[in-house]
Amino acid sequence: PFKENEANYTFLVDMLLKVRLIVGELGVQLKRALDVVQPVLFKLKGVTPTEQDMRELHDELVRVGVLKTDGDFLHGVMKDLEANFNEGNFTEQSLNDVLERDTKGGSEQLEKSTEYILRLGSVLIPSLHRRPGTWGDRLKEARDIVSHLFSTFGRTDQTVGNQQSRQSLAVTSIAAACYACQMTQEDVRELLNGLLDIGILHLWALSTWHKTEDDNKQKQHIAGAVEQLLKAEDYALEDVEEIEGEANEEGEAQ
């Protein structure tokens, strides 16, 4: 319950305010502090952050003086991407155009950040959920962007450890989006099956996410569908363990 964590939450917000007062709004130390503290704040609240949760935290940090009103840089990026998605524009080029324009050429580092991955899923999946057709059709239409969510067009370090971390974050963002949309279990299963079928989501990463992700309402919303997939005939649990073992051996070799 959040009440039990409220004192720790308040302490961390106060710490951010002290960093802000010492180094200023644009100090690199403040950015680093925000990157470290934000995930902890959401964990204390017991939520996997959606775009709305991110915005609410931003507004709170504005109220207490940690950020200025325009401090949530990613909010503008996500608004521009969401507008593209809602128009059915899911090309790699359109995404790169938004990132290059909004970051003034500094997109590569942004694409690797935890907050970016979590928020990209929170705008992409609801937009796809509103599209006509099956999840297989939607994922094919948006393959470029979905591939980007799970790996940054090959620009990320592609060792197994980094792939797994990126995929786990992507699944976390999908879980949050499914919860926010109150997606049915049938929808969730179709979405995850579609990601597996087109080879974007790897089974060992899904299994690892299921074992290691903190328990919260977003995880609970898709956990049943994940467990059904892992226990299905085509995705037997013993196969998952074998795949994970091969992935670990590959990672050690690299």
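Look above for the structure.
First things first, this report covers the structure right here in the doc. (Residues numbered from 1 in each chain as written. Predicted model: local features only at pLDDT ≥ 70, side-chain atom pairs only at ≥ 80, totals over all residues. Heavy atoms only, no water.)

This brings us to the overall build of the chain. Regarding its fold elements, the chain presents 14 helices and zero strands. In sequence order, the chain lays out its α and β elements as α-α-α-α-α-α-α-α-α-α-α-α-α-α. Here the chain, with 254 residues, has 48% of them falling under the buried criterion. Nonlocal contacts in the chain, meaning residues at least 24 apart in sequence, comprise 68% of its contacts between residues at least 6 apart. As presented, the chain carries roughly 12,800 Å² of accessible surface, and 49% of it is formed by carbon and sulfur atoms. (Helix = DSSP H or I, 4+ residues; strand = E, 2+ residues; numbered from the N terminus. Buried < 20%, exposed > 50% of the residue type's maximum accessible area, 1.4 Å probe, protein only. Contact = heavy atoms within 4.5 Å. Areas by Shrake-Rupley, 256 points an atom, 1.4 Å probe, with all protein chains shown as cover.)

Mapped onto the fold, Gln167 is located in helix α10 (residues 160-180). A distance of 2.9 Å separates a polar atom in the side chain of Gln167 from the backbone nitrogen of His202. Leaving out residues up to four positions away in the same chain, Gln167 has contacts with Phe150, Ile200, Leu201, His202 and Ala205. (Polar contact = N/O pair within 3.5 Å; in protein donor to acceptor, adjacent residues only side chain to side chain.)

Bringing the environment of Asn84 into the picture now. Position of Asn84 relative to the elements: it lies in helix α4 (residues 73-86). Taking relative accessible area as the criterion, Asn84 reaches 16% and is therefore assigned buried. Along the sequence, Asn84 and Ser94 sit 10 residues apart, while their C-alpha atoms lie 7.7 Å from each other. When near neighbours in sequence (up to four residues on either side) are disregarded, Asn84 contacts Asn89, Ser94 and Val98.

Counting 67 residues, the largest nonpolar core has Tyr116, Val146, Phe150, Leu191 and Leu195 as the members making the most contacts within it. Here this core gets eight residues from one element, more than from any other, and that element is helix α7 (residues 114-129). Excluding its chain neighbours within four sequence positions, the residues that come into contact with Tyr116 are Leu74, Met78, Leu95, Leu99, Leu110, Glu111 and His148. (Core = buried A, V, L, I, M, F, W, Y, C linked by side-chain atoms within 4.5 Å.)

This part is about helix α12 (residues 203-212). By the criterion of burial, α12 is predominantly enclosed, with eight of the 10 residues buried. Turning to α12, its buried residues number three or more, namely Leu203, Trp204, Ala205, Leu206, Ser207, Thr208, Trp209 and His210.

Below, the discussion takes up the packing of aromatic side chains. Applying the stated criterion to the full structure yields one aromatic pair. The cationic tip of Arg138 hangs over the ring face of Trp135; the distance from NZ or CZ to the ring centre is 4.8 Å. A cation sits over an aromatic face here: Lys219 above Trp209, 5.8 Å from the ring centre. (Phe/Tyr/Trp six-rings, centres within 6.5 Å; stacked < 30°, edge-to-face > 60°. Lys NZ or Arg CZ within 6 Å of the ring centre and 35° of its normal.)

Further remarks concern helix α11 (residues 185-197). The end-to-end C-alpha separation of α11 is 18 Å, in line with the 18 Å expected for 13 residues at 1.5 Å each. All of the buried residues along α11 are Asp187, Val188, Leu191, Leu192, Gly194, Leu195 and Leu196. Just downstream of α11, Gly199 is the residue with a positive phi angle, here 80 degrees. (Expected span 1.5 Å × (residues − 1).)

All right, on to the packing of α12 against helix α13 (residues 217-231) then. Running from amino to carboxyl end, α12 crosses α13 at an angle of 135 degrees, the nearest separation of the two axes being 11 Å. Classed by the angle they form, the pair α12 and α13 counts as oblique. When you trace α12 past α13, the crossing you get is left-handed. On α13, the residues that touch Leu203, Leu206, Ser207, Trp209 and His210 of α12 are Lys219, Ile222, Ala223, Val226, Glu227, Leu229 and Leu230. In terms of residue class, the contact of α12 with α13 is made up of eight nonpolar, two polar and two charged. (Axes fitted to C-alpha atoms, helices over the stretch in contact; angles between N-to-C directions. Parallel < 35°, antiparallel > 145°, perpendicular 65-115°, else oblique. Left-handed = near helix turned anticlockwise from the far one by under 90°. Nonpolar A, V, L, I, M, F, W, Y, C, P; charged D, E, K, R; others polar.)

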